Amino acid sequence: MEDILILAIESSCDETAASVVRNGREVLSNVISSQIELHTIYGGVVPEIASRKHIEKINQVIEEALKEASVTLKDITAIAVTYGPGLVGALLVGVSAAKAISFATGIPLVGVHHIEGHISANYIENKDLEPPFVCLVASGGHSHLIVVKDYGEYEIIGRTRDDAAGEAFDKVARAIGLGYPGGPKIDKLSKEGNPDAIPFPRAKVAENEYDFSFSGLKSAVLNYLNGCQMKGETICEADVAASFQKAVIDVLVEHSIHAVKECGYDKFAIAGGVASNSSLRAALEEACAKENISFYHPSPIFCTDNAAMIGVAGYYEYIKGVRSGYDLNAVPNLKLGER
Ligand code: KG4
Ligand code: ZN
C-alpha cells in the first residue's frame, strides 16, 4: 500500500506550527514557532498580535516542515488544518494557507477540530492505543472528559462550568507574580512548596459528577493572597503554587478515574497543555496503576499546541473519506464532532 502523507497546519492560538505525518502515527517533522515571548509582556495572548505573527511565519514554518521531512508537496496526500475552535483571526491564517496550497496543487483538504488533534496526539507514541478509551483534555481553553468511542467519534461526558484548568493555572500564576504562561511556572515552583500547606477547595458540581469548576478555587487563592497582604503576613509563593496545583490535580484525577470505571473501559489517556504537568502525570500514573487502568500520555511537546497532532487526526478523517471544500472557514466556537 502506498504511504499516506499528511501535511498539517495549526495556528489556533499563539503557536504557528506545521508537520508531516506518515500513515497516521509516524511524525516526520514537527515545526513549532512559538510567540510566547511576544505575549509575555502583556500577561496573555493578544489576538491581534497573534494573527499578525502567524501571517509573518506561516510560509516559512510550512517550508521547514516539508524540508525536515525530506519531502515536497508532490509527495503529500492531503493537507489537514485546524479550523476551530480558537481565535478567529489566528485560525484564519492557517486555514487560508491550507486552502491556497490545496487550490494551487489539487491536494485534498481536510479541516480538523483542535481538540480532536489534542486527543490524537496520544496515537503518536502509543502505537498500540486504539479506541475505545476515556480521555481527559485539559488545556488553556478546555477541560473535558471525553469518551473516544472510535476514531473521530466522541462523547463529551464532563466539561468545565467556568474556567478551564489551564486558565486557572495562568490566572493564579499571574496573581503570585510568575507571569505567562502560568502552567509550566507553577509546575516548577510547586516542587519547592508544600501541597498540604493551604486547604484550597475541591469543587463538586452537583448536577453532573464529571463536570469541573475552577473559578471558586481561583477566587480562594486570590482571597488567601489578599488576606495575607492585609494581615501583613509573608506569602510563601511555592506553598500557594503547590497547594493550588494539588487542588486542581485532586479533582482531575478523581473525576477521571470515576469516569473510566463507570464507563467500563480499561484505557485512559490525557491531552492538552495541562497534560504536560509533571505532578498530574505522576498522580494519574499512580491512580491508574491502583485501578488496573492502562494510562496513556503524549510527551510534553505533543501535549501543548503542535501540528503533528493535527496530522494524526487529519489522517483518520482522511481515510474515512472526509474532505473539506474551498469554502472551509475558521469556526472559533466549533463543537467536537460537528462539521
Ligand atoms: O493545549 P495548549 O497548548 O493550548 C490550548 O489549546 O489552550 O494549552 C495551554 C495551556 C496554558 O494554560 C498553560 O498554562 C497550560 O496549558 N500548561 C500547563 C503546563 N504546561 C502548559 N499547565 C500546567 N502544567 C504545565 N506543565
Ligand atoms: Zn490546544
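Each chain has its residues counted from 1, running along the sequence as written. Both sets of labels track the order of writing: A upward for chains, 1 upward for ligands. Where local features are concerned, this predicted model is filtered to residues with pLDDT of at least 70; where side-chain atom pairs are given and counted, the filter is 80 or more; whole-chain, interface and lining totals use all residues. To get the side-chain values, all heavy atoms of the structure are used, and hydrogens and water are removed first.

### A word on the site of ligand 1
Argument step 1. Any residue with a heavy atom lying within 4 Å of a molecule or strand is counted as near it. Close to ligand 1 lie 20 residues; Gly140, Asp170, Gly183, Asp187 and Asn277 are nearest.
Argument step 2. With respect to ligand 1, the backbone of Gly166 contributes an N or O atom lying 3.1 Å from an oxygen atom.
Argument step 3. Any pair of N or O atoms that falls within 3.5 Å is considered a polar contact. Within protein, one atom must be able to donate a hydrogen and the other to accept it, and sequence-neighbouring residues count only if both atoms are side-chain atoms. One of the backbone nitrogen or oxygen atoms of Gly183 is found 3.0 Å away from an oxygen atom of ligand 1.
Argument step 4. Throughout, the Shrake-Rupley method with a 1.4 Å probe supplies accessible areas, and for residues the shown protein chains are the sole cover considered. Out of a free accessible area of 550 Å², ligand 1 has 89% covered by protein chains.
Argument step 5. Of all elements in the fold, only helix H4 (114-120), helix H6 (165-175) and helix H7 (182-190) reach the threshold of two or more residues within the shell around ligand 1.
Argument step 6. Side-chain classes are defined by residue name, with Ala, Val, Leu, Ile, Met, Phe, Trp, Tyr, Cys and Pro counting as nonpolar, Asp, Glu, Lys and Arg as charged, and the others, Gly among them, as polar. Looking at side-chain class alone, the shell around ligand 1 contains four nonpolar, 13 polar and three charged residues. The way it works is that DSSP assigns letters per residue, a run of H or I at least four long becomes a helix, a run of E at least two long becomes a strand, and they are numbered from the N terminus.

### Here we look at the state of the cysteines
Argument step 1. Pairs of cysteine sulfur atoms within 2.5 Å are what we label disulfides. Enumeration over the complete set of coordinates arrives at zero disulfides.
Argument step 2. Distance from the sulfur of Cys303, which forms no disulfide, to the nearest cysteine sulfur (Cys135) is 9.8 Å.

### Quick word on the sheet that holds strand E7 (residues 143-150)
Argument step 1. With mixed pairing, the five strands of this open sheet are ordered in space as E8-E7-E6-E9-E10. Only two strands of the sheet have a single partner each, and these edge strands are strand E8 (153-159) and strand E10 (294-296). The average undirected angle you get between the axes of adjacent strands in this sheet is 25 degrees.
Argument step 2. Here the rule is simple: two strands pair whenever DSSP picks up at least two bridges between them. In terms of strand pairing, strand E6 (residues 133-138) meets E7 through six bridges, oriented antiparallel. Axis lines are fitted to C-alpha atoms, over the contacting stretch for helices. Their N-to-C directions set the angle, which ranges from 0 to 180 degrees.

### Observations regarding the sheet that holds strand E4 (residues 78-84)
Argument step 1. Reading across from one edge, E3-E2-E1-E4-E5 is the order of the five strands in this open sheet, with mixed pairing throughout. Of all strands in the sheet, those with a lone pairing partner are strand E3 (26-34) and strand E5 (109-113), marking the two edges. Taking each pair of neighbouring strands and ignoring which way they run, the sheet shows an average axis angle of 20 degrees.
Argument step 2. The sheet contact formed by strand E2 (residues 15-22) and E3 spans eight bridges and is antiparallel. Following the sheet pairing, Arg22 is matched in E3 by Glu26.
Argument step 3. In the packing of helix H2 (residues 47-68) onto the sheet, contacts are made with strand E1 (5-10), E2 and E3, and the angle to E2 comes to roughly 25 degrees. Contact definition: two residues touch when any of their heavy atoms are within 4.5 Å.

### Some details on the coordination of the zinc ion (ligand 2)
Six octahedral donors around a metal ideally subtend angles of 90 or 180 degrees, whereas four tetrahedral donors ideally subtend 109.5 degrees.
Argument step 1. Each protein donor to the zinc ion (ligand 2) is listed here as His114 (NE2), His118 (NE2) and Asp305 (OD); together their distances run 2.0 to 2.1 Å.
Argument step 2. Taken together, the four donor atoms surrounding the zinc ion (ligand 2) define angles of 94 to 134 degrees at the centre, an arrangement classified as tetrahedral.
Argument step 3. Expressed as a motif, the donor residue spacing for the zinc ion (ligand 2) is H-x3-H-x186-D. Taken as a pair, His114 in helix H4 and Asp305 in the loop between helix H11 (300-303) and helix H12 (308-319) lie far apart in primary sequence, 191 residues in all.
Argument step 4. Partly exposed describes any residue whose relative accessible area lies between the buried limit of under 20% and the exposed limit of over 50%, with all areas from a 1.4 Å probe on protein chains only and scaled to the type maximum. Among the residues examined, His114 registers a relative accessible area of 6% and is labelled buried.
Argument step 5. The buried category is assigned to Asp305, whose relative accessible area is 15%. Any nitrogen, oxygen or sulfur atom within 2.8 Å of a metal ion counts as a donor, with the limit raised to 3.2 Å for Na, K and Ca, and since water is left out, coordination shells can look unfinished. Under the classification used here, a metal with four donors is tetrahedral if each angle lies between 85 and 135 degrees, square planar if opposite donors are over 155 degrees apart and the others between 65 and 115, a six-donor metal meeting that same test is octahedral, and anything else is irregular.

### A closer look at the domain arrangement of the protein chain
Argument step 1. Just so you know, the domain bounds were taken from an automatic or database domain assignment. In terms of domains, the protein chain is made up of domain 1 (5-120 + 306-319) and domain 2 (131-297).
Argument step 2. Computed over C-alpha atoms only, the centres of domain 1 and domain 2 are separated by 27 Å.
Argument step 3. In this complex, domain 1 contributes 16 residues to the contact, which on the side of domain 2 involves 15 residues.
Argument step 4. Between domain 1 and domain 2, roughly 1200 Å² of surface is buried when both sides are summed, and carbon and sulfur atoms account for 70% of that area.
Argument step 5. For this document, the term salt bridge refers to a Lys or Arg side-chain nitrogen within 4 Å of an Asp or Glu carboxyl oxygen. Across the domain 1-domain 2 interface, the total number found is zero salt bridges.
Argument step 6. When contributions to the side of domain 1 that touches domain 2 are tallied by element, the ones reaching two or more residues are helix H1 (36-40), H4 and H12.
Argument step 7. If one sorts the elements of the side of domain 1 that touches domain 2 by residue count, H4 sits on top with five residues. When two parts are put together, the accessible area they lose, computed with a 1.4 Å probe and summed over both, is reported as buried area.

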